[in-house]
Amino acid sequence: MPELPEVETTLRAIKKFKGSVLKEAKVHNKNLRWPVVDGFESSVKEQVVENLERRAKYIIFKLSNNKNIIIHLGMSGNLRIANNNENFFIKHDHIELIFDDERIIYNDPRRFGSMHLTANIHKHKLIKNLGPEPLSENFNAEDFFSACNNSKTNIKSFLMNQKNVVGIGNIYASESLFLAKINPSKNANKLDLEACKRLVAAGKQILEQAIEVGGTTLKDFYSADGSPGYFKFKLNVYGREGEICNNCKNSIHKTVINQRATFFCKNCQI
DNA sequence: CGAAAAACCTGGCAGC
DNA sequence: TGCTGCCAGGTTTTTC
């Protein structure tokens, strides 16, 4: 389910566990994208969750023993909250993080996600090479423009590369490029500063709006299949092949870039 | 080295 | 009803 807004929405839903004691973890299936380390359960047992934060698409639990749990949801992962008096499992519930009254359940059919334990977040291999947060000042037109200049790939792949900016996945890449009126196949090094300004602004706007509507789904967070996500966000191009462009009334086209479905308007996006 | 393709998995759906 | 093939919101690993 996750691009950055969905991860952020998930984080906000579980933020209430900050300050709580993680009584116990149960790993039912350790075979995720990478195996959950041996000793995970004993390492996190009875630790206070001192902070809950997000970096890129990773959710990070800071524990009182100075260890950190890192969670990535992959393509199909989600977290949900369940009451401990409901002994309710569904297929692909892999890990439980159990608190006094409630527990957080990690479910992931495709197991592209993962859960890690590390002492130093910033040295972790999945974290250390990440690019700027899209909603921060570190993601700005000037720096993005100079990075684009040094790239030979197309702008859509460039935008989805987490070294250049984090959090933008396949859906919001198409949506951002539509809003910025840039053709997804265009070489990154062909973008001028004005185009970069539009794209950076578009990316921030899309992500902020998606987070905003994601927040409205929080009330559904308890239901097993009520995962917050894309269904509330109004998409201009993604999944709309053959439909009418909301801007110019030509039809939306679909192509494949880097093995990923890509949607755009040939008329609006130059 | 950077860029492009393959790989990791399961489930849902269209088409036969 | 099956069965088959294709598609899916990510990112690492392998190949060129």
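Cut-offs applied
- Residues numbered from 1 in each chain as written.
- Chains lettered and ligands numbered in written order.
- Predicted model: local features only at pLDDT ≥ 70, side-chain atom pairs only at ≥ 80, totals over all residues.
- Heavy atoms only, no water.
- Helix = DSSP H or I, 4+ residues; strand = E, 2+ residues; numbered from the N terminus.
- Buried < 20%, exposed > 50% of the residue type's maximum accessible area, 1.4 Å probe, protein only.
- Phe/Tyr/Trp six-rings, centres within 6.5 Å; stacked < 30°, edge-to-face > 60°.
- Near = heavy atom within 4 Å.
- Polar contact = N/O pair within 3.5 Å; in protein donor to acceptor, adjacent residues only side chain to side chain.
- Nonpolar A, V, L, I, M, F, W, Y, C, P; charged D, E, K, R; others polar.
- Pairing = 2+ DSSP bridges.
- Axes fitted to C-alpha atoms, helices over the stretch in contact; angles between N-to-C directions.

Draft legend 1. Focus on the environment of Ile-244. Along the polypeptide, Ile-244 turns up in the loop between helix H6 (193-215) and strand S10 (253-257). What makes Ile-244 partly exposed here is its relative accessible area of 45%. Each C-alpha atom of the pair Ile-244 and Cys-265 lies 9.1 Å from the other, and the pair is 21 residues apart in sequence.

Draft legend 2. Region of interest: the packing of aromatic side chains. Under the defined criterion, the tally for this structure stands at five aromatic pairs. On the numbers, 5.5 Å between centres and 90° between planes, the contact of Phe-139 with Phe-144 is edge-to-face. Exposure remark for Phe-139: the relative accessible area of 2% places this residue in the buried category. Taking the relative accessible area as the measure of exposure, Phe-144 reaches 3% and is therefore buried. Both rings, one in Tyr-172 and one in Phe-233, keep their centres 5.6 Å apart while their planes meet at 90°; by these two values the pair is edge-to-face. Within this pair, whereas Tyr-172 is found in helix H5 (residues 170-179), its partner Phe-233 is found in the loop between H6 and S10, the two being separated by 61 residues in sequence. A relative accessible area of 9% places Phe-233 in the buried class. Of the aromatic side chains, those joined through ring pairs into one cluster are Phe-139, Phe-144 and Phe-158.

Draft legend 3. Examining the protein's contact with DNA strand B more closely. Around DNA strand B lies a shell formed by Arg-33, Lys-91, His-92, Pro-109, Arg-110, Arg-111, Phe-112, Ser-151, Lys-152, Thr-153 and Gln-259. Sugar plus phosphate: this is where 53% of the atoms of DNA strand B within 4 Å of the protein reside. At a separation of 2.7 Å, a phosphate oxygen of DNA strand B approaches a polar backbone atom of Lys-152. Split by residue class, the surface near DNA strand B holds two nonpolar, four polar and five charged.

Draft legend 4. Looking closely at the sheet that holds strand S2 (residues 24-27). In spatial order, the strands read S2-S7-S8-S6; together these four strands make up an open sheet with antiparallel pairing. Bordering the open sheet on either side are S2 and strand S6 (78-83), each of which pairs with just one other strand. When the angles between neighbouring strand axes are averaged without regard to direction, this sheet yields 20°. Of the pairings in the sheet, the one linking strand S7 (residues 93-98) to strand S8 (residues 102-107) comprises five bridges and is antiparallel in character. Looking at S8, one finds that Glu-96 is bridged to Ile-105.

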